[in-house]
Amino acid sequence: MKIKSVEIRTIALPLVRPFRTSFGTQNDRELLLIKITMHDGVEGWAECVAMSEPLYSPEFTAGCQDVMERFLLPNLFAYGDIRAEDVAGTLRPFLGHQMAKAALESAILDAQLKLEGISFGSYLGSSRDLIDCGVSVGIAPSIESLVEEVSDYINQGYRRIKLKIEPGWDIEPVSVIRGMWPTIPLQVDANQAYTRNDTELLKKLDAYDLLLIEQPLDEHDIVGHALLAAKVSTPICLDESITSYESARDALALKATTVINIKPGRVGGYLESLKIHDLCVEHNIPVWCGGMLETGIGRAANVALASLPGFTLPGDTSASSRFFKRDITTPFIMEDGQLRVPHGPGIGVEIDHEFIEEITSARKLIPAK
Ligand code: OSB
Ligand code: MG
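Anyway, here's the lowdown on the structure attached to this text. (Residues numbered from 1 in each chain as written. Chains lettered and ligands numbered in written order. Predicted model: local features only at pLDDT ≥ 70, side-chain atom pairs only at ≥ 80, totals over all residues. Heavy atoms only, no water.)

## Thoughts on the side chain of threonine 317
Just so we agree on the cut-off: Elements are defined by DSSP. Helices are runs of H or I of four residues or more, strands are runs of E of two residues or more, and each kind is numbered from the N terminus. Accessibility here uses a 1.4 Å probe with only protein chains present; expressed as a share of the type maximum, an area under 20% marks a residue as buried, one over 50% as exposed, and anything in between as partly exposed. Here, residues are in contact when the closest pair of their heavy atoms is within 4.5 Å.
You can see threonine 317 is positioned in the loop between helix H12 (296–305) and strand E12 (338–340). In this structure threonine 317 comes out as buried when scored by relative accessible area, which is 2%. Beyond its immediate sequence surroundings of up to four residues, threonine 317 is in contact with Ile131, Asp132, Cys133, Gly134, Cys289, Arg299, Asn302, Ala306 and Leu339.

This is how it looks when you write it as structure tokens:
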């Protein structure tokens, strides 16, 4: 395929409720949407999962657009006849910027699969039609409102609850939720909010039968996670620290993580995700699919990925309604705590072009030279 043009737009979707984590509070989801048009007329869509500020990862929306325009797109245009499998290799000289690279690779993959009539799921190696849904629950203003929010998700059918924690909001919310729902699969996510000095505190979480503790320490503190993992009985699961196949391999070798959260944007795309998945299957490491408050475009691809055989834990693959009143694609609706993997070609969901127009704040068309 030869790229004809790339359209980058910025959209913003209001969230149904504020989403608070240890690194900040989000009230809406600003993100870049990528549309790649090929010379043969086929179009590929993807979203870039970076957020508007570099609080979760070093990438942010405006920075992603800049690196795409300045370096990544000129490289892809010069490549000529391109397939998704070529993208990571040709972009390798440009360091980092996994989320920007992932978005471009995903858009090219969507176009390629649409041309070939293959779904993301079949291409990646899906082994089931339905995937279990988990939900990520933000830090709440009070224990009462947390209980209310979690009850609502459990009534909707979510099969796993993940509580965001930070110093001062950890043991109490976990003990209350565990006390009210003694058997619900439960895990916590600290987004790097603790230090090596918090080992004794984190050890207290062992009393609550948690599936895992996600990213308690700084993303660069792999050894700290290994030391912590040796002292607590709850499994440690890295998120922010896993930015590539190599970082996953090394964290596993150091026993800094015994479960892995794969987020395609964070690791540079679905093809890199597949490599990490295969590595984990080989080492008997449970895998689950993370989320970045994706719209239906990114969610569709994530749901396809989450249907691979190594994804043995429910992911942050929630229904569209978890974050948005109205999605920009056919919405993902939960049936008995599960989502259906799309079967259509490419990402396999219908795009709501009219709604996208309404929420677009900026757009740029970049013709391939
Ligand atoms: O750490 O998993 C995280 C959202 C934004 C940034 C980081 C994280 C999250 C979530 C939400 O926990 C996951 C979702 O999309 O449901
Ligand atoms: Mg996380």
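## Details of the sheet that holds strand E2 (residues 24–38)
Backbone-to-backbone hydrogen bonds pair the strands of a sheet. The strands run either parallel or antiparallel. The line we're drawing: Pairing between strands is defined by DSSP: at least two bridges between them are needed. Helix axes are fitted only over the stretch in contact, all axes being lines through C-alpha atoms; the angle between N-to-C directions runs from 0 to 180 degrees.
One open sheet accounts for four strands, arranged E3-E2-E1-E13; its pairing is antiparallel. At either margin of the open sheet sits one strand with a lone partner, and together these are strand E3 (43–48) and strand E13 (360–367). Taking each pair of neighbouring strands and ignoring which way they run, the sheet shows an average axis angle of 20°. Where E2 lies against E3, six bridges are found, and the strand directions are antiparallel. Bridge pairing links threonine 37 to glutamate 43 in E3. Taken strand by strand, helix H1 (residues 61–79) contacts strand E1 (3–21), E2, E3 and E13, and its axis lies near 155° from that of E1.

## Description of the coordination of the magnesium ion (ligand 2)
Put simply, the rule is: Distances decide who is a donor: an N, O or S atom must be within 2.8 Å of the metal, or within 3.2 Å for Na, K and Ca. Water is not included, so sites may look incomplete.
Around the magnesium ion (ligand 2), the protein contributes the donor atoms Asp189 (OD), Glu214 (OE) and Asp239 (OD), at 2.0 to 2.3 Å from the metal centre. Within one chain, the residues serving as donors to the magnesium ion (ligand 2) are arranged as D-x24-E-x24-D. Taken together, the residues glutamate 214 in strand E8 (residues 213–214) and aspartate 239 in the loop between strand E9 (236–238) and helix H9 (245–253) connect sequence positions 25 residues apart. With respect to class, glutamate 214 is no different from aspartate 239; both count as buried.

## Points about the pattern of salt bridges
Operational definition: Each salt bridge in this description consists of a side-chain nitrogen of Lys or Arg and a carboxyl oxygen of Asp or Glu lying within 4 Å of one another.
Overall, the coordinates contain 26 salt bridges when judged by the stated rule. In this structure, aspartate 316 engages lysine 162 in a salt bridge whose closest nitrogen and oxygen atoms are separated by 2.6 Å. Note that aspartate 316 is positioned in the loop between H12 and E12 and lysine 162 in strand E6 (residues 160–164), a separation of 154 residues in sequence. Lysine 162 carries the same exposure label as aspartate 316, and that label is buried.

## Some words on helix H3 (residues 98–116)
Short version of the rule: Multiply 1.5 Å by the residue count of a helix minus one, and that product is the helix's expected span.
Between the first and last C-alpha of H3 there are 26 Å, a value that for 19 residues agrees with the 27 Å anticipated at 1.5 Å per step. Extensive coverage of H3 is indicated by the burial of 15 of its 19 residues. Once H3 finishes, glycine 117 follows within two positions and takes phi at roughly 70°, a positive value.

## Quick notes on the nonpolar core
What tends to happen in soluble globular proteins is that the nonpolar side chains get buried as a cluster. Note the following rule: Among the buried residues, those of types Ala, Val, Leu, Ile, Met, Phe, Trp, Tyr and Cys that are joined through side-chain atoms within 4.5 Å form a nonpolar core. Boundaries of every domain are those given by an automatic assignment or by a domain database.
One finds Met68, Ile161 and Leu163 to be the most contacted residues of the largest nonpolar core, which totals 123 residues. Among the elements that line this core, the one with the most residues is H3, at nine residues. For this core, the domains that each give at least three residues are domain 1 (3–117 + 350–367) and domain 2 (122–340). Leucine 163 has contacts with Val137, Leu146, Val150, Pro173, Val174, Ile177, Leu186, Gln187, Val188 and Asp189, leaving out every residue within four places of it along the chain.

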